[in-house]
Structures are given as C-alpha cells and as structure tokens.
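A look at the structure
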Amino acid sequence: MVFDVLHCSFLRGDQYAIALALLDGGKVVLGVLACPNLPLTSLKDAGQHSPNNEVGCLFFAEVGGGTYMQPLDGSSAVKVQVSAVENPEEASFFESYEAAHSMHDLSSLIAQKLGVKAPPIRIDSQAKYGALSRGDGAIYLRFPHKGYREKIWDHAAGCIVVTEAGGVVTDAAGQPLDFSKGKHLDVDTGIIVTNQKLMPLLLNAVKESLKEKAPSS
Ligand SMILES: Nc1ncnc2c1ncn2[C@@H]1O[C@H](COP(=O)(O)O)[C@@H](O)[C@H]1OP(=O)(O)O
Ligand SMILES: [Mg+2]
C-alpha cells in the first residue's frame, strides 16, 4: 500500500492531492486520488466555472474496472475517459507548476514539435493525473532535472487512474512504469502520459527533442 499526503502546493492554496494505491506483486491494482481544490468542471473551460465554483473531486480506479470521478460532497460517481483528441494541434498539455520539478523548456520544445497550440496547463501534484483522466487536457509531460529519482507514491494512484480511463503512462523511452523495484521508479529521463492514438507521435517528439537538447560531444 502506498500513500502520499500533501506538499507545499497545499500551503500555497493551489492544487494538491491525497493519493492511495494498492500494489500487488509490483502491479498497481487500485488507486484513489482526492483532489480537494480541483473544479468539478473541466479546466479546459477555465473561464466557465461551475455554479458556485464548486471544487473537490475524488478519482478511483480498480484494475479492469475503469475510472470514476465523484464529487467530494458525496454525490454520484461518473465514469471518466481520457481525451479522444487525435490531432496534436487540438491537444493541450499539463506540466508541473514548479520549474524545479520539471524542465519547462524541454516540454515546450516537445509541444512545439508536436504542433500543440495551447499554452501549458501548470498545476501541482497528482491532480494532473486526475484532470487528464477526465480529458481536461490530452498530454502530461514530466521531465525532472538530472539526479532526481521519482518515488512510487507520487505516481502509483495517478497511473492507474489514467490507464483505467484509457490513457497510457510510460517513461521517455516508451517503457511502462515499473512499480516493483522498491520506493523509486527507475524511469528513463521522464514520464509522459497521453491517449493511445497520440502516444506514437508524442514518443517521436520526445525522442527528437531529447536528441536536440543533449549536449554535443
Ligand atoms: N526536484 C524535484 N523534481 C521533481 N519532483 C520533485 C522534486 N522535488 C520534489 N518533487 C516531487 O514532485 C511531486 C509534486 O510534483 P508536481 O507538483 O511538480 O507535479 C511531489 O510529490 C514532490 O515530492 P515531495 O512530496 O517529496 O515534495
Ligand atoms: Mg509527495
């Protein structure tokens, strides 16, 4: 069982998440993600807030059972699906609010290569996985600076919430995340998330961008 509580974004009043995941033999089989500050309506419609600016979403997923979102006030849960966007020009992408957590210049290059027109949606925490699972945006790019090692509790719940909603979560080389190696995820370079249609295009854009950014020898 892996559990992640809060971090400094909570203190800033931004997005934060409480995440719980169950691992069975290194496989994530259940995930619950509470996002108390996430609007009930899509972040795509930032100008069109839901009545009373209602916030507070719970996402939950069990392997093979799909992903559901339930308002934290306890009203009924609805099944959610990742964005069906196939044209990257119509896609928008999530990344960390903190430039110290993910290389914004690299994601901007990747987005440019893909032809993404929308500016990045920068929010904290695993709320990005929740928002992506209901199609608020189609892509999540996470490229920590050299030397940072990702922890399983920062991704386990979000990973199953997105995959059960039809999305794909891999490292920058296209390999699935391996939750069987203890507390760290030994990912190649970064973590990328999108729908099945966009993943091959995204992987190409990531490979080209990494090559371009690599220091020449
Ligand atoms: N230098 C770093 N690079 C990438 N991620 C980090 C770094 N330092 C902390 N984190 C982790 O990133 C997560 C939030 O990421 P973000 O909001 O940018 O998506 C947090 O759980 C945080 O871990 P921790 O909870 O130990 O502070
Ligand atoms: Mg944390």
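Figured I'd write up the structure that's included with this text. Computed from a predicted structure; not experimentally measured. (Residues numbered from 1 in each chain as written. Chains lettered and ligands numbered in written order. Predicted model: local features only at pLDDT ≥ 70, side-chain atom pairs only at ≥ 80, totals over all residues. Heavy atoms only, no water.)

Details of the sheet that holds strand β11 (residues 167-171)
Rules: One bridge is not enough; two strands pair if DSSP finds at least two bridges between them. Here a helix means four or more residues in a row that DSSP labels H or I, a strand means two or more in a row labelled E, and each is numbered from the N terminus. Should any heavy atoms of two residues lie within 4.5 Å, those residues are considered in contact. Lines fitted to the C-alpha atoms define the axes, with helices restricted to the stretch that makes contact. Angles between their N-to-C directions range from 0 to 180 degrees.
In space, the 5 strands of this open sheet follow the order β8-β7-β9-β13-β11, with mixed pairing throughout. If you trace the sheet from one side to the other, it starts and ends with β8 (121-122) and β11, each paired once. Across 3 bridges, strand β9 (residues 139-142) lies against strand β13 (residues 191-195) in antiparallel orientation. Opposite Leu141, over in β13, you have Ile192 as the bridge partner. Helix α4 (residues 156-163) rests against β11 and β13 of the sheet, and its axis sits at about 140° to β11. Packed onto the sheet, helix α5 (residues 199-213) meets β9, β11 and β13 and runs at close to 150° relative to β13.

Describing the site of ligand 1
In plain terms, the rule: Nearness is judged by heavy atoms alone; a residue qualifies as near a molecule or strand once a single heavy atom is within 4 Å of it. N or O atoms within 3.5 Å of each other form a polar contact, as long as, within protein, one can give a hydrogen and the other can take it, and as long as residues adjacent in sequence are counted only when both atoms are side-chain atoms. Using the Shrake-Rupley algorithm and a 1.4 Å probe, accessible areas are obtained, with residue cover drawn only from the displayed protein chains. Note on residue categories: nonpolar means Ala, Val, Leu, Ile, Met, Phe, Trp, Tyr, Cys or Pro, charged means Asp, Glu, Lys or Arg, and polar means any other residue, Gly included.
Surveying the vicinity of ligand 1 reveals 12 residues, the closest of which are Ser96, His101, Ser125, Lys128 and Asp154. The contact in question runs from an oxygen atom of ligand 1 to an N or O atom on the side chain of Arg142, over 2.8 Å. When isolated, ligand 1 has an accessible area of 550 Å², and the protein chains bury 76% of it. Taken together, the residues that form the shell around ligand 1 break down as 4 nonpolar, 4 polar and 4 charged.

All quantities given are derived from atomic positions and should not be read as evidence of function.
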